[in-house]
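# Chain and residue survey
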Amino acid sequence: EEVRHIRTPQEVRGLYWTASTAGSERSDELLSYMKEAGINTVVIDLKMDDGKISFVTKDETLSVYQQTVPAITDLDGLLTKLYDNEIYRIARIAVMRDKKFVETHPEFAMKQSNGNLWTDKIGSVWVDPAVPEVAQYAIALAREAYARGFDEVQFDYVRFASDGSINSIVYPVYKKEKSKVEVMQSFFQTVGGTMREEKIPVSFDVFGMTFWSFDDFNIGQRLVDVLPYADFVSPMVYPSHYVDGFGGFANPAEFPYEIVKRSLDEGTRIIHGFYAGSDAKLRAHWRPWLQDFDIGAVYTSDLIEAQIKAARDAGASGWILWNARNVYEPAKYVEA
C-alpha cells in the first residue's frame, strides 16, 4: 500500500505522545481531544526510555534493538488513522541516551575507569557521540520511520551528557583531539545532511540555553551548528528550567511569555549573521517545546496560552507541548 505523507502545517500545533500512549486506547482519547481543540500535530517516541525500539520494525538490521513485546503493536494502522484525521506525524528518536544500543555494542558505551558503565544522575546509559555507528543507526531508524508514514523525523539527545560525574567518563572513541563541538558538528552534518539529501523533513531538539549563547556548555551543542542541517530547531524553552534570577526574574516559571519570547528573539539575534535569508525566514525555523507541567508554578491554561502567544509573536512556525504523562491542560490553541 502506498505510503501517504502530509505537508508540514503552516503552524504546527503539537502534542507529545509516549510510545505507550501511542499503542494504547489512550491514543484515541487524545486524538479526539486534538481534533476538537485544533491540535494538528503529534510527536511519537520510536524508542522507549531504555532505547528499545517501540514498534515492529521491517528492517532486519534494526530488529536486534526491538522490544520483545512492542508498545506500538500496529504502527501502520496508527499512522493511517492519524493521516485520515489530518494529523501531521513526527517521529521522535532519542540518540545518545540508549541502553539497548549499549547492550548490543558495549564497545561504544561511555564507561568509568574501572570498566563499569557510566550513568548520568538518573541512571541512564549513554553512547559515545563520536562513534560513527551511532549516527548510522539514527539514520537507519529515521529512514524506516519516514518509509512507514511519518511525515518528519525529530532527533533528541543530540549532545554529550550534561549531568553526573562528567569528568570520570572514559570514551571509547572520543579522545579529545577534537573538541565536543567538532564531534557534534560532524554528527549534525551526517544525520541532518542525509535527511535533507533524501528530502525527509528533519528537526533537532536542543537545550533552551543554546538560543542564548555560542557556548556549547560542555555538551557540544550549538545552534549555529544545528541550523544548517535542520528544517526546524526545537529549543526546550520550558520556563521552569531556567535558574531563579535568570533574565531578572526571581522565578522564571511565573513569566512564561517573557522567557519564551526572549529566548526565541535571542536565538534569532545570535544567529543572524550566519543566516543568508531574512529574519522572518530565520524565525520560521524555530518550533519550540513548551511547558505543560507543574514545575516552578501551576501551569494553568493562562500560562500555556502565554507561551503559545510568545512563540507566535516571535515568528516561530509552530510549537509542541510537553507533558511526560501526556496529560494536557485544556487551553485555547488556535489563534482567533
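The structure contained in this document is the topic of the report that follows. All values derive from a computational prediction rather than experimental measurement. All residue numbers here refer to positions counted from 1 along the written sequence of the relevant chain. Local features in this predicted model are restricted to residues of pLDDT 70 or higher, and side-chain atom pairs are both shown and tallied only at a pLDDT of 80 or more, whereas totals for entire chains, interfaces and linings draw on every residue. Excluding hydrogens and water, the side-chain figures rest on all heavy atoms present in the structure.

### Regarding the overall build of the chain
Quick reminder of the rule: Helix and strand definitions follow DSSP, with helices as H or I runs of at least four residues and strands as E runs of at least two, each counted in order from the N terminus. Radius of gyration means the value over C-alpha atoms here, while the globule rule gives 2.2 Å times the residue count to the 0.38 power. Relative accessibility under 20% of the residue-type maximum defines a buried residue, over 50% an exposed one, and the middle range a partly exposed one, all with a 1.4 Å probe and only protein chains included. Should any heavy atoms of two residues lie within 4.5 Å, those residues are counted as being in contact. Residue-level accessible areas treat just the shown protein chains as cover; the underlying method is Shrake-Rupley with a 1.4 Å probe.
On a plain count of helices and strands, the chain comes out with ten helices and eight strands. Taking 336 residues into account, the globule formula puts the C-alpha radius of gyration at 20 Å, and the chain, at 19 Å, falls close to it. Expressed along its principal axes, the backbone C-alpha trace of the chain runs to roughly 55 × 50 × 40 Å. Relative to its 336 residues, the chain shows a buried fraction of 57%. Long-range contacts, defined as pairs at least 24 residues apart, comprise 76% of the intrachain contacts of the chain with a sequence gap of at least 6. In the structure as shown, the chain presents an accessible area of about 14500 Å², 49% of it carried by carbon and sulfur atoms.

### Let's talk about the nonpolar core
Let me state the cut-off plainly: Here, nonpolar core refers to any group of buried Ala, Val, Leu, Ile, Met, Phe, Trp, Tyr and Cys residues whose side-chain atoms link them within 4.5 Å.
Of all hydrophobic cores here, the largest spans 114 residues; its most connected members are Phe155, Phe187, Phe204 and Trp286. Sort the elements by how many residues they give to this core and helix H5 (residues 132–148) lands first, with nine residues. Once residues lying within four places of it in the same chain are set aside, the contact partners of phenylalanine 155 are Ile93, Val95, Ala138, Ala142, Val191, Met195, Val202, Ser203, Phe204 and Asp205.

### A word on the pattern of salt bridges
Oppositely charged side chains can form a pair if their charged atoms are brought close together. Rules: Counted as salt bridges are all cases of a side-chain nitrogen of Lys or Arg within 4 Å of a carboxyl oxygen of Asp or Glu.
Under the definition given, this model contains 24 salt bridges. Between arginine 89 and aspartate 151 there is a salt bridge; the shortest N-O distance is 2.9 Å. Residue arginine 89 is found in strand E3 (residues 88–94), and its partner aspartate 151 is found in the loop between H5 and strand E4 (152–156); the two are separated by 62 residues along the sequence. Using a relative accessible area of 2% as the deciding quantity, one classes arginine 89 as buried. Exposure remark for aspartate 151: the relative accessible area of 2% places this residue in the buried category. Note that lysine 261 and aspartate 265 form a salt bridge whose closest N and O atoms lie 2.6 Å from each other. Within this pair, lysine 261 and its partner aspartate 265 are both found in helix H8 (residues 256–271), separated by four residues, close to a single helical turn. The network of salt bridges with common partners includes Glu11, Arg13, Arg312 and Glu335.

### Side note on the layout of surface pockets
This is how it is decided: Cavity and pocket criteria rest on a 1 Å grid covering protein atoms alone: a 1.4 Å probe that fits but cannot get out defines a cavity, protein on both sides within 12 Å along at least 5 of 7 lines defines an open pocket, and an atom within 4 Å of a point defines a lining residue. Grid points are joined across faces, edges and corners, and a volume is the space filled by probe spheres set on the points. Side-chain classes follow a simple rule in which Ala, Val, Leu, Ile, Met, Phe, Trp, Tyr, Cys and Pro form the nonpolar group, Asp, Glu, Lys and Arg form the charged group, and the remainder, Gly included, forms the polar group.
Roughly 740 Å³ of volume is contained in the largest pocket. Lining the largest pocket we find 29 residues, and of these Tyr157, Phe207, Met236, Tyr238 and His241 sit closest to its centre. In terms of residue class, the lining of the largest pocket is built from 16 nonpolar, five polar and eight charged.

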